[in-house]
Amino acid sequence: MDYFLKTRKDFLNFFKSKGHTVVPSSSLVPDDPSVLLTTAGMQQFKRYYTGELNPESDFGSHRATSLQKCFRTSDIEEVGDDTHLTFFEMMGNFSFGPVGSDDPTDAETGGYFKRSAIVWAWEFLTNVLELAPERLWVTVFEGDGDTPKDHEAYAVWKNEVGIPQERIFWGKRADNFWGPTGNQGPCGPTTEIYIAPTPEHARQGKGVEVWNVVFNEYYATAGADGAFKYKKVDSPGIDTGMGFERLLATLEGAANVYETSAFVPIVSAVRQAAAGISERDIHILADHIRASSFLIADGIVPSNKEAGYVLRRLLRKIIAVRITNDIHADVFQIGYEAVTKMFAGIYPAVGEAEKILGVWREEQGKFEVSIAKGLRELESLKTAALTGNAAFGLYQTYGLPKELTLEFAKKTSPDFENEFAAEEKKHQDTSRAGAQKKFGGHGLVLDTGELKAGNEEELSRVIRMHTATHLLQWALRTVLGEGVHQMGSDINPERLRFDFNFDRKLTSEEIARVADLSNEVVKKDLPVYYQEMPKEQALSSGALSFFKQKYPDVVKVYSIGSQSSGGVVSAEFCGGPHVEHTGTIGEIRIIKEEAVGKGVRRIRASVV
Ligand code: SER
């Protein structure tokens, strides 16, 4: 069955039958100057939530539904694995207060709230998509501070939908509270719907999140101390989002998003044009060709800043994959033809072949000229001693694909690859802050170099993962010995990456032990706090410092655990920010352990 067309139609028709106006996707270029690209369905409706615009006069209803083009750059390096995409579509239904009727059997056009939002989401998944109810499970906000437990949503799930209690889980703020974006705005608890592969998995709370239903019932303002104060609003709204490709993967039983009907024609075209390249490269090409076609269609051209830089980066990656794999066919054009067959009927601008291929060819031409210069330069250096540092300089100046630089360089120094890697690391450290600002996707609210977050929701995740990083370092030293210390750290809303010195692969027992030790501390809910002190005093206290960093004369030392809570577990030189209690971190899951260089290992982990 062609789920690609059917599911889009089913979704919009379903909500149309419930009094919603079908609103076309807005452009990937938002009209809100504080964000770079559109990242969520609610973005085009922001001013209806705040009451600045009147939905009745624009849509003839307080209810809207859409399939929104979205673009997220936060984890562009992970694209090509099973779940990450840069460009994706998000299905959503929206209610702009005031609440008229919250009776789900009533298809009028006033605002609605929790009852209707939950009952309809369930009805759509189980009646329209015919997903087995036993495979679904949900989370509801457990409450904290000024924002109480969401008994209302819990009761709807339990009494009106009738999900057995064993499949309704309470969730923490980090997962079950959305917004505000920026330092004030509408926000509220969420309920999230998950699909498990089997009923048994559903009872254990395992599976993928498919639908985020946000109840915008508060307005938050930041107080003088930076903490949010929440006030109930008179006119609450609904904002839901369901990732289209991820839902297709579930419906079609596909192993990953690239095997769904949203991607198969594009992936097949790429595979034919580029026979023999790795599956990951095929996925990267498919994602990037599709994504850049949409960006160009919405009027973005390659440049060195903001959205233009995002596009340039995608196109140059396509060229780099093409050159390093020696792909002769014009893989962009072939991929684009598949994209246009699928999408031009839905988004006519994607069908403007001349414009889209024109931008591609021009960028390719520019990049090739630069590459050719770089290669000539490399060639002329071949006879002289070419160090890793010098090769990195060329790679940097001409934007040569890295694999190509390494391949063409005559490696005259024995330590060539290490020099190259060290130079690259140095460059990344110094340019990260600036570059990440440009490339952050939606205006960073936090960028310490190590931690990056684009909005408040992401901020709370990176803070939880930051404290998790301290726990992991402590656990690694406990399991592998005190010789282990940090070599690098990078945290974004999806995952943390922690590099440390160690000379072999960790066994699965060691990895499990590290995760268990860390999670034991999470469960103890120990306090996390900092003290400022002179650097010398901090050093002699035994607090861990990161040797690559230069510290000021007075430093902050973050500790986990106190004498009265049974002893200090970890103490590190650190600027923060951190959670206040380890309990708010949630479960720490180690995703992967790998080598990144000689004697350096990397752990990727996440919190749930
Ligand atoms: N705004 C919420 C999200 O992006 C729900 O649509 O998940």
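Note that the structure is predicted; figures quoted are calculated from it, not measured.

Novice: I'd love a proper account of the overall build of the protein chain, names of residues and values included.
Specialist: Across its full length, the protein chain holds 19 helices and 18 strands. Along the first, second and third principal axes, the C-alpha set of the protein chain runs to 80 × 70 × 45 Å. In the protein chain, buried positions account for 54% of the 608 residues. Considering only contacts within the protein chain whose residues lie at least 6 apart along the sequence, 67% involve residues at least 24 apart. Accessible surface, the protein chain: about 26100 Å² in total, of which carbon and sulfur atoms supply 51%. For the protein chain, the separation between the mean place of its 69 positive charges and that of its 84 negative charges on side chains is 3 Å.

Novice: Can you lay out the sheet that holds strand β14 (residues 528-534) for me, pointing to particular residues and giving the numbers?
Specialist: In space, the three strands of this open sheet follow the order β14-β15-β16, with antiparallel pairing throughout. Taken across any chain shown, the strands that pair with only one partner, and hence form the sheet edges, are β14 and β16 (570-573). Recorded for the sheet is a direction-independent mean angle of 25 degrees between the axes of neighbouring strands. For strand β15 (residues 554-560) and β16, the ladder comprises four bridges, and the chain directions are antiparallel. Note on β16: the bridge partner recorded for valine 557 is phenylalanine 573.

Novice: Go over the environment of valine 608 with me, naming the residues and quoting the values.
Specialist: Among the secondary structure elements, valine 608 is positioned in the segment after β18 (600-607). Among the residues examined, valine 608 registers a relative accessible area of 40% and is labelled partly exposed. Along the primary structure valine 608 and glutamate 587 are separated by 21 residues, whereas in three dimensions their C-alpha atoms are 5.3 Å apart. Ignoring any residue separated from it by four or fewer positions in sequence, one finds valine 608 in contact with Asp175, Arg464, Ile585, Gly586, Glu587 and Arg589.

Novice: So what's going on with the packing of helix α9 (residues 264-273) against helix α12 (residues 331-343)? Which residues, and what values?
Specialist: Across the interface, α9 lies against α12 with an axial gap of 8 Å and an inter-helix angle of 160 degrees. For the element pair α9 / α12, the angle class is roughly antiparallel. α9 and α12 meet at a crossing whose hand is right-handed. Counting all contacts with α9, which are made through Pro265, Ile266, Ala269, Val270 and Ala273, the residues of α12 involved are Val331, Ile334, Gly335, Ala338, Val339 and Met342. Classifying every residue of the contact of α9 with α12 by side-chain character gives 10 nonpolar, one polar and no charged.

Novice: Can you lay out the site of the ligand for me, pointing to particular residues and giving the numbers?
Specialist: Around the ligand, the structure places Ala40, Met42, Arg72, Met90, Trp178, Asn212, Val214, Asp239, Thr240 and Gly241. Interatomic distance of 3.0 Å between a side-chain N/O atom of asparagine 212 and an oxygen atom of the ligand. In the model, an oxygen atom of the ligand is placed 3.4 Å from a nitrogen or oxygen of the threonine 240 main chain. Surface burial for the ligand is 91%, taken as the share of its 230 Å² of free accessible area covered by protein chains.

Novice: Explain the packing of helix α1 (residues 3-16) against helix α4 (residues 114-128) residue by residue, including any values.
Specialist: Where α1 meets α4, the closest approach of the two axes is 11 Å, and the angle between their N-to-C directions is 135 degrees. The angle between α1 and α4 falls in the class oblique. Crossing of α1 against α4: the hand is right-handed. Two secondary-structure elements touch here, α1 through Asp10, Phe11, Phe14 and Phe15 and α4 through Trp120, Glu123, Phe124 and Val128. Along the lines of polarity and charge, the residues of the contact of α1 with α4 split into six nonpolar, no polar and two charged.

Novice: How would you explain the confidence of the model for the protein chain if you had to name every residue and give the values?
Specialist: Do not read the predicted coordinates in detail wherever pLDDT is low. In the predicted model, the protein chain carries a mean pLDDT of 88, and 94% of its residues have values of at least 70. Taken as a whole, residues 433-442 scores under 50 in pLDDT and shows 25 contacts with residues more than four places along the chain or in a different chain.

Novice: Give a detailed account of the nonpolar core, specifying residues and quantitative values.
Specialist: Leu125, Trp157 and Trp211 are the most contacted members of the largest nonpolar core, which has 122 residues in total. Among the elements that line this core, the one with the most residues is helix α10 (residues 279-297), at nine residues. Residues contacting leucine 125, with those up to four places away along its chain left out, are Glu130, Leu131, Leu136, Ile193, Trp211, Met242 and Leu247. Counting residues in hydrophobic clusters, the runner-up holds 37 residues, among them Leu471, Ile491, Cys574 and Ile585.

What counts, and where the lines are drawn
Residues numbered from 1 in each chain as written. Predicted model: local features only at pLDDT ≥ 70, side-chain atom pairs only at ≥ 80, totals over all residues. Heavy atoms only, no water. Helix = DSSP H or I, 4+ residues; strand = E, 2+ residues; numbered from the N terminus. Buried < 20%, exposed > 50% of the residue type's maximum accessible area, 1.4 Å probe, protein only. Contact = heavy atoms within 4.5 Å. Areas by Shrake-Rupley, 256 points an atom, 1.4 Å probe, with all protein chains shown as cover. Lys, Arg positive; Asp, Glu negative; His and termini not counted. Charge placed at Lys NZ, Arg CZ, Asp CG, Glu CD. Pairing = 2+ DSSP bridges. Axes fitted to C-alpha atoms, helices over the stretch in contact; angles between N-to-C directions. Parallel < 35°, antiparallel > 145°, perpendicular 65-115°, else oblique. Left-handed = near helix turned anticlockwise from the far one by under 90°. Nonpolar A, V, L, I, M, F, W, Y, C, P; charged D, E, K, R; others polar. Near = heavy atom within 4 Å. Polar contact = N/O pair within 3.5 Å; in protein donor to acceptor, adjacent residues only side chain to side chain. pLDDT = per-residue confidence, 0-100. Core = buried A, V, L, I, M, F, W, Y, C linked by side-chain atoms within 4.5 Å.

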